[in-house]
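Okay, here's what each chain looks like letter by letter:
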Amino acid sequence: QGDVLMKLRYWEDLWEWRYRELKEYRDEHGGCNVPQSQGGLGKWVSHRREEFKTGKLSDERIARLESIGIVWDLREQEWLDSFEELTKYKAENSDCNVPRKQGSLGAWVDNQRTFYKNGKLSQERLDLLESIGFSWEPIDEAWMTHFDELVDFKNENGHCSVPKVQ
């Protein structure tokens, strides 16, 4: 029985030590997303995520890890980070039409449209994108904008012969 208690104490001490190490990592790096390649701490965080997914992590430990900002679902966090980047893009450019060739954000925007067209975008994500004025068909939207401008021109000038802008 003494050996069992020593092993339990060892695992408890190790948990506390890694928890403190994770807090230090968070303070230094701005988050708890420790790569697995980061050695023991990275593996420890990965194991905690696995325990969380399988329901093997106690409520007390979940609360402690959440209190320091652990992210359980990295894919969801990556999506939210890209959404935040898109929100900043919209603030600077007044639309969400990031060109496909404009790095990772352009590819992400293109993927969201593809997921939407294929019915693979969750309602929650769809609602978030629409809340910032995301356009699902930017080419059609641009066409309609120019058409409306042409209608306004015709109403003002009585014809559709728009002069070329030089």
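Structural data are supplied above this passage.
Rules used in this analysis
Residues numbered from 1 in each chain as written. Predicted model: local features only at pLDDT ≥ 70, side-chain atom pairs only at ≥ 80, totals over all residues. Heavy atoms only, no water. Helix = DSSP H or I, 4+ residues; strand = E, 2+ residues; numbered from the N terminus. Buried < 20%, exposed > 50% of the residue type's maximum accessible area, 1.4 Å probe, protein only. Contact = heavy atoms within 4.5 Å. Phe/Tyr/Trp six-rings, centres within 6.5 Å; stacked < 30°, edge-to-face > 60°. Lys NZ or Arg CZ within 6 Å of the ring centre and 35° of its normal. Salt bridge = Lys/Arg side-chain N within 4 Å of Asp/Glu carboxyl O. Patch = residues over 30% accessible without salt bridge, like charges linked within 9 Å, V, L, I, M, F, W, Y side chains within 5 Å. Areas by Shrake-Rupley, 256 points an atom, 1.4 Å probe, with all protein chains shown as cover. Lys, Arg positive; Asp, Glu negative; His and termini not counted. Charge placed at Lys NZ, Arg CZ, Asp CG, Glu CD.

> Could you give an account of the overall build of the protein, with specific residues and numbers?
Secondary structure assignment for the protein yields seven helices and zero strands. The N-to-C order of helical and strand elements in the protein reads α-α-α-α-α-α-α. Dimensions of the protein, computed from C-alpha atoms along their principal axes, come out at roughly 95 × 30 × 25 Å. Counting only residues that meet the buried cut, the protein has 25% of its 166 residues in that class. The contacts in the protein between residues at least 6 apart in sequence include a share of 37% that link residues at least 24 apart.

> Report on the environment of K53, specifying residues and quantitative values.
Checked against the element boundaries, K53 lands in helix α2 (residues 40-53). K53 gets classed as exposed once you look at its relative accessible area, which sits at 64%. When the C-alpha atoms of K53 and W11 are compared, they prove to be 20 Å apart, with 42 residues separating the residues in sequence.

> Account for the packing of aromatic side chains, with residues named and values stated.
Under the criterion given, the structure shown has seven aromatic pairs. Where F52 meets W72, the ring centres are 4.0 Å apart and the plane angle is 5°; that geometry is what we call stacked. Pair noted here: F52 is in helix α2 and W72 is in the loop between α3 (59-67) and α4 (74-93), with a separation of 20 residues, a long-range link. Look at W72 and you get buried, because its relative accessible area is 13%. Note on F134 and W136: the rings are 4.7 Å apart at their centroids and 65° apart in plane angle, and the pair reads as edge-to-face. In this pair, the class of F134 matches that of W136, namely buried. Ring pairs connect the aromatic residues W15, Y19 and W44, which therefore count as one cluster. The positively charged end of R64 is found above the aromatic ring belonging to Y19, 4.2 Å away from the centroid.

> Could you give an account of the pattern of salt bridges, with specific residues and numbers?
Applying the stated criterion across every chain, the model contains nine salt bridges. A salt bridge links E21 to R18; the nearest nitrogen and oxygen atoms lie 2.7 Å apart. Taken together, the positions of E21 and R18, both in helix α1 (residues 2-29) and three residues apart, correspond to about one turn of that helix. Ionic contacts of the salt-bridge type, sharing partners, join the residues E16, E60 and R64 into one network.

> Can you explain a negative patch on the surface? Please cite residues and give values.
A cluster of acidic side chains, namely D73, E78, D81 and E85, defines a negative patch on the protein surface. Note on D73: relative accessible area 45%, which makes it partly exposed.

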